[in-house]
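Structural overview
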Amino acid sequence: MLFYRELVLGEDPTNVERVMFKLRRLGAFKPWGSAVSAIEVALWDIAGKAAGLPVYKLLGGKVRDRVRVYNGGVRFPINGASPQAFADDVAKMKERPEGFTIIKEGVAFHSHMVRETANFFYSEVRDGGRYPNYGLMTEQGLKHLVACVEAMKDVLGDEIGLALDCGPGFTVPDAIRFARAVEPLNLMWLEDMITGDYTPHVSADLYREVTRATSTPIHTGEQIYLRHNFRELIEQRAVSIIGPDPLDIGGIAELKWVAEYADLHGVMMAPHGIADGLIGLAALVQVSATLPQNYIAFEYPVARPDWWYDIVDGLPDPIVKAGHIDVWDRPGLGVTFNVKAARQYLEAGDEDFFN
Ligand SMILES: [Mg+2]
């Protein structure tokens, strides 16, 4: 953050775009766009609070009074990688009081399935890093994956949508084989099969091959920084759904711009948000209220550690009702730091954080 300090000092924070004009070039794909994105969100918060208006008003006004979320953040320890283990896991999510209407599960290269399923793919299993595995799947691996998906669908039925976070790690032929195999299950989407979390490029041409070959919706985009890097995905309709994260794409106005451009091209929106915390949650609510009708749902983040709920004031309780969040009308993001409550959680050496 200190890297950006000199560029921000002296600027009027309510001229959000003018400040961003200086900052926007100084970021990159996840995680290197997060500081620029966080500053952008903070500028909107300040501008809204200065004007006495919720951020959604500054973005053009809300088109919906409540926003649908999908379960990304409410997670449980999963006991193994069998079809039953995945079925039990989504059963717990289905029983949650949030009443999620869409549930996402990590599978294949985006989960422990790679390590815990014998003979899953034709390469050695690598540990460490962020989703380091990649390779052609075995027939046994593919059959096991499909069996896990079928078991989850048996639990969720047709009343709760199932989305799968899959990679990165798939080859194009396997991605097509898998997407076709699950076509009868009417999944919400298959996410990040080719590129994705922490991949510093897009590969829109490969996604286009997969998307053209199946009726299962294909999704990507959580790690992508700036509208320019969504251009090929959208203009070539290389995926059916994109999932930018407001805290990685470059902020909420950037996300809104991309959503409008995607809508123009028939591409849908399911923003990412699992690691965004409570400030990010507030930002997601504000921007999602303003998005066009290609909006499906955003990924609901939970705060870790738990004491974050004590130091951010303004969130409703409960936050999610019947799978939706009511859009609040307080100025800015509608949330504030409770400095007094936060002091007790400062670690030794950080006592001057609020000075
Ligand atoms: Mg993901």
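Just so you know, these numbers come straight off a predicted model, no measurement behind them.

Topic: the overall build of the chain
Counting its regular elements, the chain contains 15 helices and 11 strands. Taking 2.2 N^0.38 as the reference for a compact globule, 355 residues should give roughly 20 Å; the C-alpha atoms of the chain span a radius of gyration of 20 Å, in line with that estimate. Dimensions of the chain, computed from the C-alpha atoms along their principal axes, are close to 60 × 40 × 40 Å. Across the 355 residues of the chain, 54% fall into the buried class. Here the analysis covers contacts within the chain between residues at least 6 apart in sequence; of these, 71% occur between residues at least 24 apart. Summed over all atoms, the accessible surface of the chain reaches about 15,700 Å², with 52% contributed by carbon and sulfur.

As for the coordination of the magnesium ion
Bound to the magnesium ion on the protein side are Asp165 (OD), Glu191 (OE) and Glu222 (OE), at distances that span 2.1 to 2.2 Å. Taken in sequence order, the residues that donate to the magnesium ion follow the motif D-x25-E-x30-E. Taken as a pair, Asp165 in strand E3 (residues 161–165) and Glu222 in the loop between strand E5 (218–220) and helix H10 (231–235) lie far apart in primary sequence, 57 residues in all. Note on Asp165: relative accessible area 5%, which makes it buried.

Digging into the pairing of strand E1 (residues 66–71)
Examined bridge by bridge, E1 and strand E10 (residues 324–326) share three bridges and lie antiparallel to one another. If you follow Val67 over to E10, its bridge partner there is Ile325. One ladder, built from three bridges, connects E1 with strand E8 (residues 298–300); its direction is parallel. Across the sheet, Val69 pairs through a bridge with Phe298, a residue of E8.

As for a negative patch on the surface
A cluster of like negative charges, contributed by Glu347, Asp350, Glu351 and Asp352, occupies part of the molecular surface. Following the sequence through the fold, Glu351 ends up in the segment after helix H15 (339–343).

Some details on the pattern of salt bridges
For the structure on display, the rule yields 23 salt bridges. We note a salt bridge from Lys143 to Glu139, for which the minimum N-O separation is 3.0 Å. With a gap of four residues between them, Lys143 and Glu139 both fall in helix H7 (residues 139–156), about one helical turn apart. One continuous salt-bridge network, built from bridges that share partners, spans Glu17, Arg24, Arg227 and Glu254.

Description of the side chain of Thr199
For Thr199, the position within the fold is in the loop between strand E4 (189–191) and helix H9 (204–212). Among all residues touching Thr199, those that are not within four sequence positions of it are Phe29, Pro168 and Gln223.

Here we look at helix H12 (residues 252–264)
Over its 13 residues, H12 extends 19 Å from the first C-alpha to the last, a length consistent with the 18 Å expected when each residue adds 1.5 Å. Positive backbone phi, approximately 75°, marks Gly266, located one or two places after H12.

Regarding the nonpolar core
Judged by nonpolar contacts, the single largest core of 106 residues is most densely connected at Phe178 and Ile325. When sequence neighbours within four positions are dropped, the list of residues in contact with Phe178 reads Leu142, Leu145, Val146, Val149, Leu164, Cys166, Phe170, Leu190 and Met193. With eight residues, the next largest nonpolar core counts Ile102, Trp189, Ala270 and Ile296 among its residues.

Reading the values: rules and limits
- Residues numbered from 1 in each chain as written.
- Predicted model: local features only at pLDDT ≥ 70, side-chain atom pairs only at ≥ 80, totals over all residues.
- Heavy atoms only, no water.
- Helix = DSSP H or I, 4+ residues; strand = E, 2+ residues; numbered from the N terminus.
- Rg over C-alpha atoms; globule rule 2.2 N^0.38 Å.
- Buried < 20%, exposed > 50% of the residue type's maximum accessible area, 1.4 Å probe, protein only.
- Contact = heavy atoms within 4.5 Å.
- Areas by Shrake-Rupley, 256 points an atom, 1.4 Å probe, with all protein chains shown as cover.
- Donors = N, O, S within 2.8 Å, 3.2 Å for Na, K, Ca; no water.
- Pairing = 2+ DSSP bridges.
- Patch = residues over 30% accessible without salt bridge, like charges linked within 9 Å, V, L, I, M, F, W, Y side chains within 5 Å.
- Salt bridge = Lys/Arg side-chain N within 4 Å of Asp/Glu carboxyl O.
- Lys, Arg positive; Asp, Glu negative; His and termini not counted.
- Charge placed at Lys NZ, Arg CZ, Asp CG, Glu CD.
- Expected span 1.5 Å × (residues − 1).
- Core = buried A, V, L, I, M, F, W, Y, C linked by side-chain atoms within 4.5 Å.

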